[in-house]
Amino acid sequence: MHSMSDASPARRPRALSGAQPTADSYHLGNYIGAFRQWVALQEEFEAFYFIPDLHAITVEYDPELLRERTYVAAAQLLASGVDPSRSALFVQSHVPEHAQLAWVLGGVTGFGEASRMTQFKDKSAKSGHDAASVGLFTYPVLMAADILIYQADKVPVGEDQRQHVELTRNLAQRFNHRFGPTFTVPEAHIVKQVAKIYDLQDPTSKMSGSSVSHAGVIDLTDTAKQAAKKIRSAVTDSGSDIRFDRAEKPGIANLLTIFSAVTGRDVDDLVAEFEGQQYGHLKVALGEVVGDFVQSFGDRTRELLDDRAELDRILAAGATRAREVAAPTLASVYERSGFVVPRADA
Ligand code: TRP
């Protein structure tokens, strides 16, 4: 048997990702665009998946809501197929090394470099630049710490996070160059366009938990009825033929993408099946498919949420496993940074 310790050259490559618990529930786009990839990566990678609660406090929020959303997030990741016997599933704040490494990385991050992060610019424009928190500004540095503390090789994220992973790579290289080889330089694993799900009411912008109205968002906590209704009310395109054309028919393309993702059937196959039928037929059929999906997903989530002690146990085991990897990384970072090693016996 190979040892799985860091010293072992035979360790499996590592994948790492997180999804913010900033809404009452994750949505179908998170599941199709992200979590299914996370689940698939468990086969080949030693995976670390976590709920970034430290990131969630960088905008105005409600503490009690955050606590509940963190549990829901954990249950939904498990319901998605994240397997705690294979992967470390944990809450970011349970592993203090993230915040500790973020502070050190802050010392090698340029103010100008951080100022160029487009997500910060977008988010701070929303609240008004002066109202944005310092935490929101340093958010990408914490994200870099999330990744580097585990020596992650692959980071599955959406296109919107590419710049943050690029920053992470720069910080890793800079630190390695200045203080000696310490970090693995990670690679982003960007989810393919085909798995990208758009808002049902605005099929040119991506399905997002922060949308004001959830009429175009299938939440993973929706009932079958709610989901089917949202699909039926989806905005469709002019014309009446059902074909896959992202530019001309973004609404129908989105419905076909969802159909294909949830059933595993080929888009071409679906187009052939619905040939000559009306948009309404597609919506009714898809409404049923998605309704069944959210129903069983919801059942599984509720079952997990009903046993908080078991959820706590899973998250504690995940944090323990995470710290086994994070603590030695932080120790070597501190050593290279020139910090005196505290001596318990001094
Ligand atoms: N910023 C990511 C998002 O909003 C969430 C996140 C935090 C993350 N830390 C991470 C993703 C580390 C990947 C790796 O989607």
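Remember, it's a predicted structure, so these values are computed and weren't measured experimentally.

**Overview of the pairing of strand β5 (residues 187-190)**
Okay, so step 1: Alignment of strand β4 (residues 154-157) against β5, held across four bridges, turns out to be parallel. Bridging from a neighbouring strand, V157 pairs with I190 of β5.
Okay, so step 2: As a crossover connection, the stretch from β4 through helix α8 (residues 162-179) into β5 is right-handed.

**Details of the nonpolar core**
Okay, so step 1: Residues L28, I218 and V290 are the most contacted members of the largest nonpolar core, which totals 59 residues.
Okay, so step 2: No other element matches the nine residues that helix α12 (residues 279-305) contributes to this core.
Okay, so step 3: Contact partners of L28, with chain neighbours within four places excluded, come to M207, I218, L220, I258, V262, V290 and F293.
Okay, so step 4: Counting 43 residues, the second largest nonpolar core, distinct from the first, contains L16, F90, A145 and L330.

**Some thoughts on the site of the ligand**
Okay, so step 1: Close to the ligand lie 14 residues; H55, Y139, M143, D146 and Q161 are nearest.
Okay, so step 2: One of the side-chain N or O atoms of Y139 is found 2.7 Å from a nitrogen atom in the ligand.
Okay, so step 3: The separation between a nitrogen atom of the ligand and a polar side-chain atom of Q161 is 3.0 Å.
Okay, so step 4: Relative to its free-state accessible area of 370 Å², the ligand is covered by the protein chains to the extent of 89%.
Okay, so step 5: Listing elements by their share of the shell around the ligand, those giving two or more residues are β1 (14-18), α7 (134-148) and β4.
Okay, so step 6: Broken down by element, the shell around the ligand gets its largest block of residues, four residues, from α7.
Okay, so step 7: Looking at the shell around the ligand, its residues break down into eight nonpolar, five polar and one charged.

**Remarks on the side chain of N254**
Okay, so step 1: Topologically, N254 is positioned in helix α10 (residues 250-263).
Okay, so step 2: At 2.8 Å, the side chain of N254 and the backbone oxygen of Y198 are in polar contact.
Okay, so step 3: Look past the residues within four positions of N254 in its chain and what remains in contact with it is I197, Y198, D199, L200 and R246.

**Digging into the packing of helix α4 (residues 97-106) against α7**
Okay, so step 1: The geometry of α4 relative to α7 is characterised by a closest axis approach of 8 Å and an angle of 120 degrees between their N-to-C directions. Compared by their axis directions, α4 and α7 come out oblique. For α4 against α7, the interelement crossing comes out right-handed. Listed contacts from α7 to H98, A99, L101, A102, L105 and G106 of α4 are V141, L142, A144, A145, D146 and L148.
Okay, so step 2: Classifying every residue of the contact of α4 with α7 gives nine nonpolar, two polar and one charged.

Each value, and the rule that gives it
Residues numbered from 1 in each chain as written. Predicted model: local features only at pLDDT ≥ 70, side-chain atom pairs only at ≥ 80, totals over all residues. Heavy atoms only, no water. Pairing = 2+ DSSP bridges. Helix = DSSP H or I, 4+ residues; strand = E, 2+ residues; numbered from the N terminus. Right-handed = clockwise from strand over helix to strand, strands pointing away. Core = buried A, V, L, I, M, F, W, Y, C linked by side-chain atoms within 4.5 Å. Buried < 20%, exposed > 50% of the residue type's maximum accessible area, 1.4 Å probe, protein only. Contact = heavy atoms within 4.5 Å. Near = heavy atom within 4 Å. Polar contact = N/O pair within 3.5 Å; in protein donor to acceptor, adjacent residues only side chain to side chain. Areas by Shrake-Rupley, 256 points an atom, 1.4 Å probe, with all protein chains shown as cover. Nonpolar A, V, L, I, M, F, W, Y, C, P; charged D, E, K, R; others polar. Axes fitted to C-alpha atoms, helices over the stretch in contact; angles between N-to-C directions. Parallel < 35°, antiparallel > 145°, perpendicular 65-115°, else oblique. Left-handed = near helix turned anticlockwise from the far one by under 90°.

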